[in-house]
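# Remarks on the overall topology
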Protein chains: 2
Amino acid sequence: MCGTDSPASINKSSLPSANGNDTGSPTCSPDHVLNLEQGDPAVFESYWRKMGDRCTMVISGSQLMSYISDFTNICWFMEPEFEEAVRRLHRVVGNAVVDDRYIVVGTGSTQLYQAALYALTSPGGPEPVSVVSAAPYYSSYPDETDYLCSRLYKWAGDAYEFDKNGTGPYIEVVNSPNNPDGTLREAVVKNRGDEGKLIHDLAYYWPQYTPIIRPADHDIMTFTFSKSTGHAGSRIGWAVVKDKEIARKMSKFIEMCTLGVSKDSQQRAAKIMGVLCDGYQNCKSANKSDDLFFEHTRQIMAERWERLRQVVERNQVFSLPKYPKQYCLFSGELIEPYPGFAWLEAKEEEEIDSQKVLRGSIKVQGRTGRRFGVAEKYVRISLLCNEEEFKEFLERLSTIKSMTSNGH
Amino acid sequence: MCGTDSPASINKSSLPSANGNDTGSPTCSPDHVLNLEQGDPAVFESYWRKMGDRCTMVISGSQLMSYISDFTNICWFMEPEFEEAVRRLHRVVGNAVVDDRYIVVGTGSTQLYQAALYALTSPGGPEPVSVVSAAPYYSSYPDETDYLCSRLYKWAGDAYEFDKNGTGPYIEVVNSPNNPDGTLREAVVKNRGDEGKLIHDLAYYWPQYTPIIRPADHDIMTFTFSKSTGHAGSRIGWAVVKDKEIARKMSKFIEMCTLGVSKDSQQRAAKIMGVLCDGYQNCKSANKSDDLFFEHTRQIMAERWERLRQVVERNQVFSLPKYPKQYCLFSGELIEPYPGFAWLEAKEEEEIDSQKVLRGSIKVQGRTGRRFGVAEKYVRISLLCNEEEFKEFLERLSTIKSMTSNGH
């Protein structure tokens, strides 16, 4: 979930640049559509390439063959090395409380979102439980909630709307920092007592994107390997869960859905997280901070945002959200958020379809605000692409002088 | 799915022997419960160990990071190397038609079963479509069909019963060879015209378990890495699909469910299948058939069945199914099936609970016939355990003299 962005409605003409492994220059010829619709985390690849073979994973043909990892764990298909690496990573970063909490591994946080919905509902209710999230909300929540037409839960849209007019039991998904708009969020629906349950989707609550303002400590928090270190192809996510029965039901869901989670990928994630954490234990004192993952990638994101804001301010066609500086416990500094997506709002007109204009005028494929439950004057652009694509995006964006005259 | 057997109702006292990696002797002390409830494919581990580093997978920290494998493929998250390896494996074995068919990768065949249900149904029908399978049916079909209380489909039990009394649209799952009883099967529900759709779950249609009587050629066929080569921990399955729209809907399901399938595991599966196929291309003529996967593992299964039948015949407490010899296109011989499970039926009494008696008298944990939609006098025992566990099982089984006096 949660920025693990679905290529669902991708246009086939954008194929070459959609491939995160493709860094060849034909990608960026002006005739090609530059696909910045998904949040494919290609930006982090260069860091891991620089690490050489330190993160190399070796698995022999006879290893990891069993379904089972540890029957004494509620999440019996979770590799102990993976659980240990997750707990260590959160302790190093300080972004979530993990002591006395259960960890549940999932096939990406997409699966964990659905596992949480399953865990928070029960068969036999008069109506499906309403699932809401404050608009603009992550564009895949509606589909991921409704595709199986469950009687347990149903997508009910914007949490602000539900706060005003909704009734009955509900689940609110709090995505913080929020995809698409990068804001740090709290729950929106108020004063409902026992009727409301929360899922905190913290896919982007990592130091390269945002100040770590406190160790998050919610009932159900989901994270993903895709956005923390950039390894989306491994399909690994995890949940940090307070309640034992919820952790048990989430594990049961994953058992019925996929009978566990790839051990190969769990072990790979453990290895990579381990190397990342080793860096902090070994190198921080040595002041080689550019070798450290979060410092290095935060620096890249900060530069991208600076370049992006320059272009956006210069051509006066779009506006970008302004984010307050906040004190970051991880870095010990007052810092600005540098979200993984640019949430562009067309200034000129209320009725404009920004996705369509960008696609038509400069052949840049973003995702329309409509998919996030808001107006079409908004468009989301991924900033997690590789450097060549990002540069090409800025060049194309700088040629737009007006939305109504369709740019150059 | 399909013999990818869920540890759902496992008893915690059976922990040590439940771990397929555990080959230490404490497992088999007479006080320990011998857990043969799941189909964990530990029997194949020794073969892959013997292969040394030929199947070793090496992945650097910067590889396989993108969500996307190939946007030109309907199944955009499938690694091209995986697809190629699957097609080659079926061509080498001759167990399924793959020319002009679509391949869809899944997180185990568990996920593909659900993807097929999604692909074969549509929202808005007056009633959920009935999902049936001939009893004894795989014990996880009911849960995997009903856990989300979908309005699209619902579990409707035994296909024989539905054939007599059922009405309306239905999906029949044909599991062949069948888990639990090892029989080769065809569809059971007859003469319904367009109302019926079929899913063929062919998890065990491989030469170590059964004669390959023809290249299977059904609309939707699912297979799994877990039972073909024994790599259950990788959670890799695939479907071979005739219709493009069905393949598209199945891929869409997997996108919404888990946003793809671990690339690490896809690449590992491709490597292992490739080495397996290389063996046939390089070695068959050299007559070193014990080095070949299917010959080697079939030999192990044949020996296990011979030893098992001796014990069962000697103590006259249970009966086992008899399987006809059939001509196997793969081996070019008339051969007997050697299923992955023993489907034991208590001879003495109609009302006996065989699972309970085995558990109480000789501390062997099987799975009751009740879970497969039939009587409790049946119990399923996995024959895919490691050699030590199998030997221990036979020793314990040979001590049973009667079901009613509870053995020794």
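A quick note: this is a predicted structure, and the numbers were derived from the prediction, not measured.

## Some remarks on the sheet that holds strand β16 (residues 378–382) of chain A
Sheet strands line up and pair through hydrogen bonds in the backbone, either parallel or antiparallel. Residues and elements named next belong to chain A. An order of β10-β13-β16-β15 is seen for the four strands of this open sheet, with the pairing classed as antiparallel. Strand pairing shows two members of the sheet lacking a second neighbour, β10 (318–319) and β15 (367–368), which therefore form its edges. Across two bridges, the pairing between β10 and strand β13 (residues 341–346) is antiparallel. In the strand pairing of β13, Phe318 is matched with Ala346. This element, helix α11 (residues 354–362), spans β10, β13, β15 and β16 of the sheet and lies at about 55 degrees to β16.

## Re a positive patch on the surface
Among the surface-exposed residues, A:Arg151, A:Lys154, B:Arg151 and B:Lys154 lie close enough to one another that they form a single positively charged patch. We classify A:Lys154 as partly exposed; its relative accessible area is 32%.

## Quick notes on the relation of the copies chain A and chain B
Laying chain A over chain B is done by rotating through 180 degrees and shifting 0.0 Å along the axis; what remains is an RMSD of 0.0 Å. In the structure described here, the two chain copies are related by an operation that fits a two-fold rotation axis. When the interface residues of chain A are mapped onto chain B, 100% of them again fall at the interface, so both copies present the same face.

## Comments concerning the domain arrangement of chain A
Residues and elements named next belong to chain A. According to the domain assignment, chain A contains domain 1 (12–50 + 289–398) and domain 2 (64–279). Facing 32 residues of domain 1, the contacting portion of domain 2 comprises 35 residues. Between domain 1 and domain 2, roughly 2,700 Å² of surface is buried when both sides are summed, and carbon and sulfur atoms account for 66% of that area. Connecting domain 1 to domain 2 are nine residue pairs in polar contact (both at pLDDT 80 or more). Looking at the side of domain 1 that touches domain 2, the elements that each hand over two or more residues are α10 (293–315), β11 (326–328) and β13. Class assignment for the residues of the side of domain 1 that touches domain 2 results in 22 nonpolar, five polar and five charged.

Definitions and cut-offs
- Residues numbered from 1 in each chain as written.
- Chains lettered and ligands numbered in written order.
- Predicted model: local features only at pLDDT ≥ 70, side-chain atom pairs only at ≥ 80, totals over all residues.
- Heavy atoms only, no water.
- Pairing = 2+ DSSP bridges.
- Helix = DSSP H or I, 4+ residues; strand = E, 2+ residues; numbered from the N terminus.
- Contact = heavy atoms within 4.5 Å.
- Axes fitted to C-alpha atoms, helices over the stretch in contact; angles between N-to-C directions.
- Patch = residues over 30% accessible without salt bridge, like charges linked within 9 Å, V, L, I, M, F, W, Y side chains within 5 Å.
- Areas by Shrake-Rupley, 256 points an atom, 1.4 Å probe, with all protein chains shown as cover.
- Salt bridge = Lys/Arg side-chain N within 4 Å of Asp/Glu carboxyl O.
- Lys, Arg positive; Asp, Glu negative; His and termini not counted.
- Charge placed at Lys NZ, Arg CZ, Asp CG, Glu CD.
- Buried < 20%, exposed > 50% of the residue type's maximum accessible area, 1.4 Å probe, protein only.
- Least-squares fit on C-alpha atoms with pLDDT ≥ 70 in both.
- Domains from an automatic or database assignment.
- Buried area = accessible area lost by both parts, 1.4 Å probe.
- Polar contact = N/O pair within 3.5 Å; in protein donor to acceptor, adjacent residues only side chain to side chain.
- Nonpolar A, V, L, I, M, F, W, Y, C, P; charged D, E, K, R; others polar.

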